[in-house]
Amino acid sequence: MKVVVVGSINLDLVVQADRFPKIGETMFGTDSKMLPGGKGANQAVAAARLGADVTMIGCVGEDAYGEIVLKNFQENMLDTSCIKKVAEPTGVAYITIAENDNSIILVQGANACVDRSLIDKYQAQILAADIVITQCEIPIETIRYLIDFCAENDVHLILNPAPTPEIAPEYLAKVTFLTPNEIEINQLFQQDAQTVLREHPNQIIMTYGAKGVRYHDREKLMEVPSYKVPVIDTTGAGDTFNAAFAVAYAKDQELEKAITFANLAASKTVQGLGAQSAMPRIEELV
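Conventions adopted
- Residues numbered from 1 in each chain as written.
- Predicted model: local features only at pLDDT ≥ 70, side-chain atom pairs only at ≥ 80, totals over all residues.
- Heavy atoms only, no water.
- UniProt positions renumbered as here; feature names shortened; annotations may be inferred.
- Helix = DSSP H or I, 4+ residues; strand = E, 2+ residues; numbered from the N terminus.
- Buried < 20%, exposed > 50% of the residue type's maximum accessible area, 1.4 Å probe, protein only.
- Contact = heavy atoms within 4.5 Å.
- Polar contact = N/O pair within 3.5 Å; in protein donor to acceptor, adjacent residues only side chain to side chain.
- Disulfide = S-S within 2.5 Å.
- Pairing = 2+ DSSP bridges.
- Axes fitted to C-alpha atoms, helices over the stretch in contact; angles between N-to-C directions.
- Parallel < 35°, antiparallel > 145°, perpendicular 65-115°, else oblique.
- Left-handed = near helix turned anticlockwise from the far one by under 90°.
- Nonpolar A, V, L, I, M, F, W, Y, C, P; charged D, E, K, R; others polar.
- Expected span 1.5 Å × (residues − 1).
- Core = buried A, V, L, I, M, F, W, Y, C linked by side-chain atoms within 4.5 Å.

Per an unreviewed UniProt entry, the protein chain is named Ribokinase, and its organism is Enterococcus avium ATCC 14025. Quoted verbatim from the Subcellular location (unreviewed entry) field of UniProt, the annotation for the protein chain is "Cytoplasm".

Right, here's the structure in full:
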């Protein structure tokens, strides 16, 4: 199946420590790494490793970081023909991992250049997709434009609302699937999660971390449990979930089955270090 990802491309600078530093504190870390990342890129790589034919639409800088992430895409068999090189530097995420969690500071860089013109230029690729995935590390104007385009042309679209965008409810209503976590769903709707899920049956797929996933099937609240595994690093787990859900749904269009597969894929990711470096290949899940 064909998956198109419209989104961010970063290089992740990852630091590990025994705990998070306090404000104003300097402390020693235990390890550091430079890894390809960005929510869009992560989801694209994850989908490719799970057997999809993936095209990435985004921007990188004309710099060394841009060359690193492009090479990584090519090694993962992604179509990079829709990635534009721009004067802005490649996006960077500064990630601290400690206490079985992470904190992230994102510098948008070239991702701010993912604009409406890219959607117009690559309409044919989007129209040919079985499913499109986007996130919110690119300009919100571009996301709104993409939502309208997909809705007008009956293209399945997953919106992963992270970081939480300022976006009107009428746009959220147009997407095929919205995949917030419990914090994002409260920020988007200013209501309790159960009410929101009931009012958006079979559309909002709320991830609940170790508690699994919840959605409403028009009759009742459904809970799909997560897999209980030892956690090394949660970075990229949500991106793996979104990609695996997209791949599985595009294949069968069976909602609960797709969520179960996505939970399995995410459980593999949290057992490794980093985002893309820990994402599973399809042979690990069958």
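**Q** Even after reading the chapter, I still don't get the environment of Gln-135, so can you show me in this structure?
**A** Along the chain, Gln-135 falls in the loop between strand E8 (131–134) and helix H5 (140–152). Judged by relative accessible area, which is 0%, Gln-135 ranks as buried. Setting aside chain neighbours within four positions, we find Gln-135 in contact with Val-5, Val-6, Gly-7, Ser-8, Lys-39, Gly-40, Gln-43, Ile-143, Leu-159, Asn-160 and Ala-162. A distance of 3.1 Å separates polar atoms of two side chains, one belonging to Gln-135 and the other to Gln-43.

**Q** Sorry, what's going on with the UniProt feature "binding site: substrate" (unreviewed entry) in the protein chain here?
**A** Per the UniProt entry, the sites bearing "binding site: substrate" (unreviewed entry) are Asn-10, Leu-11, Asp-12, Gly-38, Lys-39, Gly-40, Ala-41, Asn-42, Glu-137 and Asp-239 in this numbering. Looking at the element boundaries, Asn-10 is found in strand E2 (residues 10–16). Discounting chain neighbours no more than four positions away, the residues touching Asn-10 are Pro-36, Gly-37, Gly-38, Val-69, Gly-91, Val-92, Ala-93, Leu-106, Asn-111 and Glu-137.

**Q** I would appreciate a short explanation of the state of the cysteines in the present structure.
**A** Among covalent bonds in proteins, the disulfide is the one between the sulfur atoms of two cysteines. Evaluated as defined, the whole model comprises zero disulfides. There is no disulfide at Cys-150, and the cysteine sulfur nearest it, in Cys-136, is 14 Å away.

**Q** What is the right way to read the sheet that holds strand E5 (residues 83–86) from this model?
**A** For sheets, the rule is that strands pair by backbone hydrogen bonds, running either parallel or antiparallel. In space, the six strands of this open sheet follow the order E5-E4-E1-E8-E9-E10, with parallel pairing throughout. The two strands at the open ends of the sheet, each matched to only one other strand, are E5 and strand E10 (177–178). Across three bridges, E8 lies against strand E9 (residues 157–159) in parallel orientation. By the bridge assignment for E9, Val-132 is matched with Leu-157.

**Q** How do you make sense of the packing of helix H1 (residues 39–49) against helix H9 (residues 237–252) when you look at a structure like this?
**A** To characterise two packed helices, one gives the angle between the axes of the helices and the distance between these axes. Their axes nearest at 8 Å, the elements H1 and H9 cross at an angle of 45°. Overall, the two elements H1 and H9 adopt an arrangement that is oblique. Along this stretch, H1 crosses H9, giving a crossing that reads as right-handed. For the pair H1 and H9, the contacting residues are Lys-39, Asn-42, Gln-43, Ala-46 and Ala-47 in the first and Asp-239, Thr-240, Asn-242, Ala-243 and Val-247 in the second. Tallied by class, the residues present in the contact of H1 with H9 amount to four nonpolar, four polar and two charged.

**Q** When you look at H5 in this model, what are you seeing that I'm missing?
**A** Each α-helix winds once per 3.6 residues, and so residues spaced three or four apart point in a common direction. If you check H5, its first and last C-alpha atoms are 18 Å apart, about what 13 residues at 1.5 Å a residue would give, namely 18 Å. Listed as buried for H5 are Thr-142, Ile-143, Leu-146, Ile-147, Asp-148, Phe-149 and Cys-150. Those residues of H5 hidden inside the fold are in contact with strand E1 (2–6), helix H3 (116–121), helix H4 (123–127), E8, E9 and helix H6 (169–172). Asp-154 occupies a position one or two residues after H5 and carries a positive phi of about 55°.

**Q** When you look at the nonpolar core in this model, what are you seeing that I'm missing?
**A** Within soluble globular proteins, side chains that are nonpolar generally end up buried alongside one another. Val-3, Val-54, Phe-73, Ile-205, Phe-245 and Ile-259 are the most contacted members of the largest nonpolar core, which has 48 residues in total. Examining the composition of this core, we find that nine residues originate from one element, H9, more than from any other. Beyond its immediate stretch of four places on either side in the chain, Val-3 contacts Ala-47, Ala-52, Asp-53, Val-54, Thr-55, Ile-131, Ile-133 and Val-247.

**Q** Before we go on, may I ask you to explain the pairing of E2 in this structure?
**A** Counting buried positions along E2 gives five out of seven residues, so the element sits mostly inside the fold. Of the strand pairs in this sheet, E2 and strand E3 (residues 31–37) are connected by seven bridges, and their pairing is antiparallel. Considered in E3, the bridge of Leu-13 is made with Met-34. Both E2 and strand E6 (residues 91–98) contribute to a ladder of seven bridges, which runs parallel. Residue pairing for E6: Gln-16 is matched across the bridge by Ile-97.

**Q** Before we go on, may I ask you to explain the UniProt feature "binding site: K(+)" (unreviewed entry) in the protein chain in this structure?
**A** Per the UniProt entry, the sites bearing "binding site: K(+)" (unreviewed entry) are Asp-233, Thr-235, Thr-269, Gly-272 and Gly-274 in this numbering. Spatially, the listed residues are clustered: although they cover 42 residues, their C-alpha atoms lie within 9.2 Å of one another. With respect to the secondary-structure elements, Thr-235 resides in the loop between strand E13 (221–224) and H9. We classify Thr-235 as buried; its relative accessible area is 8%.

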